[in-house]
Amino acid sequence: MAKRNTIALIALGVMVLCMAVGASAMPALHDVRPGYGVTAIGWLSDYHPPLKGTPGDTRVYYLDSGKPGATVYVQGGTHGNEPAGIIAATILVERAIPTAGRLIVVPYGNNANIDYNDQYRLDVPPYFTIEVEGGVPRTFRYGSRRTNPAYEAQPDPEVYVTLDGGVHDGAEIRNLNRVHPGKPDGTLTEQIAYAINRLLIEEKVDVAIDLHEAGVGDRLENVLVAHQRAFMAGVYAVLNLSAQGLHFTLEPSRPEFRGLSHREWGDHTPALAFLTETGNPGQTSEYENPDIVNDPKNPLHERVGRQLALIRAVLDATAQLGLPPMTYEGVPTYADLVRDGLGPWLNAPTAQP
Amino acid sequence: MRKAASVVLLVALLAGALSAAPAFAAVEAPALITSAGQSPGALMVRVLADQAGVANTYDTLATADALAGAKSLIVVIGASQKGLGAAGIDVNQEYTRVESLLAQAKAQGIPVIAMHVEGAPRRGATSDDLSRLVMRYAQYVIVRADGNEDGFFTQLAQQYGATLRLIDKTADAAAALRDLYGN
Ligand SMILES: [Zn+2]
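The model shown is predicted, which means the values in this text are computed figures rather than measured ones.

Draft legend 1. Region of the structure containing the overall build of chain B. Looking only at helices and strands, chain B has seven helices and six strands in total. Reading chain B from its N terminus to its C terminus gives the helix and strand order α-β-α-β-β-α-α-β-α-β-α-β-α. Taking all 183 residues of chain B together, 46% fall into the buried category. Residue pairs in contact within chain B that sit at least 24 positions apart in sequence constitute 79% of those at least 6 positions apart. If you sum the accessible surface of chain B, you get close to 8,200 Å²; carbon and sulfur atoms cover 55% of it.

Draft legend 2. Representation of the coordination of the zinc ion in the model. Residues and elements named next belong to chain A. Within the first shell, the zinc ion binds the protein through H79 (ND1), E82 (OE), E82 (OE) and H212 (ND1), at distances of 2.0 to 2.4 Å. One can describe the site at the zinc ion as irregular: its four donor atoms subtend angles covering 58 to 157° at the metal. Between consecutive donor residues of the zinc ion, the sequence gaps follow H-x2-E-x129-H. Highlighted residues: E82 in the loop between strand 3 (71-75) and helix 2 (83-95) and H212 in strand 10 (residues 207-215), separated in sequence by 130 residues.

Draft legend 3. Inspection of the layout of surface pockets at higher detail. In this structure, the largest pocket encloses a volume near 860 Å³. Taken together, 38 residues line the largest pocket, and the ones lying closest to its centre are R219, E221, V223 and T249 of chain A together with P121 of chain B. Taken together, the elements giving at least two residues each to the lining of the largest pocket come down to strand 12 (249-252) and helix 6 (300-320) of chain A together with helix 3 (81-87) and helix 5 (125-135) of chain B. Top element by residues in the lining of the largest pocket is helix 3 of chain B. It accounts for four residues. Counted by class, the lining of the largest pocket contains 10 nonpolar, 12 polar and 16 charged residues. Approximately 510 Å³ is the volume found for the second largest pocket. For the lining of the second largest pocket, the secondary-structure elements that each account for two or more residues are strand 10 and strand 13 (272-280) of chain A. The element best represented in the lining of the second largest pocket is strand 10 of chain A, accounting for four residues.

Draft legend 4. Expanded view of the packing of aromatic side chains. Tallied over the full model, the rule gives three aromatic pairs over all chains. Ring centres of Y73 of chain A and W265 of chain A lie 5.7 Å apart, and the angle between their planes is 75°; on these two criteria the pair is classed as edge-to-face. Of the two residues, Y73 of chain A is situated in strand 3 and W265 of chain A in helix 5 (residues 261-268); the sequence distance between them amounts to 192 residues. Its relative accessible area of 0% is what places Y73 of chain A among the buried residues. Seen from their ring centres, F152 of chain B and F153 of chain B are 5.1 Å apart, and the 80° between their planes marks the pair as edge-to-face. For the pair F152 of chain B and F153 of chain B, one class covers both residues: buried. The ring of F248 of chain A has R306 of chain A lying over it, and the distance from NZ or CZ to the ring centre is 4.7 Å. Positioned over the ring face of Y58 of chain B is R46 of chain B, at 4.9 Å from the centre of the ring.

Draft legend 5. A look at the sheet that holds strand 6 (residues 163-167) of chain B. Residues and elements named next belong to chain B. Here we have six strands laid out as an open sheet, ordered 2-1-3-4-5-6, and parallel in their pairing. Each edge of the open sheet carries a strand with a single partner, namely strand 2 (56-58) and strand 6. Each neighbouring strand pair of the sheet contributes to a mean axis angle of 20°, computed without reference to strand direction. By the bridge criterion, three bridges tie strand 1 (residues 31-36) to strand 2 in an arrangement that is parallel.

Draft legend 6. Molecular detail of the pairing of strand 10 of chain A. Residue and element names in this part refer to chain A. The buried fraction of strand 10 is high, at nine of nine residues. Judged from the four bridges that link them, strand 3 and strand 10 form a sheet pairing that is parallel. Considered in strand 10, the bridge of Y73 is made with A208. Where strand 10 and strand 13 come together, nine bridges link them in parallel fashion. From the neighbouring strand, L211 faces strand 13, where its bridge partner is T276.

Draft legend 7. Layout of the confidence of the model for chain B. All names here are of chain B. Averaged over every residue, the pLDDT of chain B is 89; residues scoring 70 or more account for 86%. Segment residues 1-24: pLDDT under 50, and nine contacts once partners within four positions in sequence are set aside and those in other chains are kept. Model confidence for the complex: the whole-complex pTM is 0.87, and ipTM, which rates the interface, is 0.82.

Draft legend 8. Empty space enclosed by the protein, seen in detail. Enumeration over the complete set of coordinates arrives at two cavities of 30 Å³ or more. What lines the largest cavity is simply Y160, V161, T162, L163, V179, H180, P181, G182, K183 and E190 of chain A. Residues of the lining of the largest cavity, tallied by class, amount to five nonpolar, three polar and two charged. There is about 40 Å³ of room inside the second largest cavity. As for the second largest cavity, its lining consists of V238, F248, T249 and L250 of chain A together with M44, V117, E118, R144 and T170 of chain B. Classifying every residue of the lining of the second largest cavity gives five nonpolar, two polar and two charged.

Draft legend 9. Fine view of the sheet that holds strand 2 (residues 59-64) of chain A. All names here are of chain A. Strand order across the open sheet formed by eight strands is 1-2-5-3-10-13-11-12, with mixed pairing between neighbours. Both outer strands of the open sheet, strand 1 (40-43) and strand 12, are each paired with one neighbouring strand and no more. Each neighbouring strand pair of the sheet contributes to a mean axis angle of 20°, computed without reference to strand direction. Inspection of the sheet shows strand 11 (residues 223-226) paired to strand 12 by four bridges, in the parallel sense. Paired with A226 across the strands is P252, a residue of strand 12. Each of strand 11, strand 12 and strand 13 touches helix 4 (residues 231-243); the most contacted strand, strand 12, lies at about 175° to it. Across the face of the sheet, helix 5 comes into contact with strand 3, strand 10, strand 11 and strand 13 while running at roughly 170° to strand 13.

Rules behind the numbers
- Residue numbers run consecutively from 1 along every chain, following the written order of its sequence.
- To label them, take the chains in the order written and letter them from A, then take the ligands in the order written and number them from 1.
- Thresholds applied to this predicted model are a pLDDT of at least 70 for local features of residues and 80 or more for the giving and counting of side-chain atom pairs; totals over whole chains, interfaces and linings are not thresholded and use all residues.
- To obtain the side-chain values, all non-hydrogen atoms of the structure were used and water was disregarded.
- Starting at the N terminus, helices and strands are each numbered in turn, a helix being any DSSP run of H or I of at least four residues and a strand any DSSP run of E of at least two.
- Here the term buried applies to any residue with accessible area under 20% of the maximum for its type, exposed to any over 50%, and partly exposed to those in between, with areas from a 1.4 Å probe on protein chains only.
- Here, two residues are considered to be in contact whenever any of their heavy atoms come within 4.5 Å of each other.
- Note that accessible areas follow from Shrake-Rupley with a 1.4 Å probe, and for residues the cover is restricted to the protein chains shown.
- For Na, K and Ca the donor cut-off is 3.2 Å, and for all other metals it is 2.8 Å, counting N, O and S atoms only; because water is absent from this set, sites may look incomplete.
- Think of it this way: with four donors and all angles in the 85 to 135 degree range, the site is tetrahedral; with four or six donors, opposite ones beyond 155 degrees and the rest between 65 and 115, it is square planar or octahedral; otherwise it is irregular.
- A cavity here means a set of 1 Å grid points, computed over protein atoms only, where a 1.4 Å probe fits but cannot escape. A pocket is an open set with protein on both sides within 12 Å along at least 5 of 7 lines, and lining residues have an atom within 4 Å of a point.
- Grid points are joined across faces, edges and corners, and a volume is the space filled by probe spheres set on the points.
- Charged residues are taken to be Asp, Glu, Lys and Arg, nonpolar residues to be Ala, Val, Leu, Ile, Met, Phe, Trp, Tyr, Cys and Pro, and polar residues to be all remaining types, Gly included.
- Two aromatic rings, drawn from Phe, Tyr or Trp (for Trp, its six-membered ring), form a pair once their centres lie within 6.5 Å of each other, and the interplanar angle then sorts them: stacked below 30 degrees, edge-to-face above 60, tilted otherwise.
- Comment: the charge-over-ring label is applied if NZ (Lys) or CZ (Arg) is within 6 Å of the ring centre and within 35 degrees of the ring normal.
- DSSP calls a pair of strands paired once it identifies at least 2 bridges connecting them.
- Here an angle of 0 to 180 degrees is reported between the N-to-C directions of two axes, which are lines fitted to C-alpha atoms, with helices fitted over the stretch in contact.
- The predictor's confidence in any single residue is recorded as pLDDT, a number from 0 to 100.

In structure tokens, the structure reads:
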């Protein structure tokens, strides 16, 4: 009896190990079509080799102007069900031509939640399409807030306590935006956070922006959160956006709430850290069968336009406050996206850059 | 459609110009800029006051003695739990501080400008309580229009006889201050 239990335990152990490492050997690959601005493509695992060959690895795109300036990090897809940041980051990779400084873009910050359906919304399909020039559809995944539990070796704990003593619901151990700055020997999600932290340090990132979405009408909709060191830049950015007719509400990073990117990137790296949110119909509980792309009030192109305008405004603000500039051309303005939609601003299969 | 919209816009602009221009008598600088509720709006107003050329001292936790030397008091309303937490105070302490500052301004005959520049997201029970307090003392009110969709500030301005100016964008507060201070 004892022997049989031991064998069962070993079998279970092997299964768990396979789930943690084997079953998921490769990270999800996405439809991203880099433009002429991209000077190198790497992996997040370059900053933490144990991530290599896991679903938590993800592509890192480098756009180096070759001219002096600030190094800026933009991340979409912390949460796989928040597409505006993913598409804003994708447009930067496909269209930005840097003219000063260096831009590093990760469109899928937590690549291990993008193929997961947590059943939070059964009325939002796991894919969405955007028609680009020539009427060609491009398809993007719509994932979940937290890492696919199949990719974690351990079940969720009862309670999740961050490095700095923050206390969260146990499932939040799979929420990338609760586990910063991560752990090199932690869960897959914690290792993703750790690798991002290493990237920010090793690449000497000056400004880091984490792109999110929240429900329409949520108190986080159209919010810019700025770390204390980045707060004055946040003020300038919000005023600059306001002059363009785009309302954003500025909030400081809460010191008592640990594990969030704007907090931990700002505390653990030299970067000025920001997080922004737009209003996603797919995260809005009052909406039935929301259309995350063509919702009449909050269409995806408008939300992407807000996010790209915000990135530009933050970089203008940091330059205004004395940081070296990071500039680029080729990226649509808010007005461009409201006029054209997303189609003309994503690379088509046959597009000439 | 477009033509009709332009006409409406023109009429609105004219009406705005006619009603706003004579209503705003000049207020004198230097201004003391403080917060009621510790939201980032006060810092935004300081930046905009600088842009508008309004000499100012900025103290989000100003008490009555900070009024020495000030010729006007700008109170920027907006409650932020994060901001109050960062300042290490609670809502009651904030209310008491602002109330005594306003009473002192009144005693010294210093005009009070109430500002609410962060729009609808910065409304709420705590912000509204602070607004009701500040509006009792204010002669001039500058409010971002989306924070007044229910007419909250219009009604308070009427009740206390204050001059209300609505702005569409936070950044437009610079122009409103320029007009108010005659810059
Ligand atoms: Zn998010």
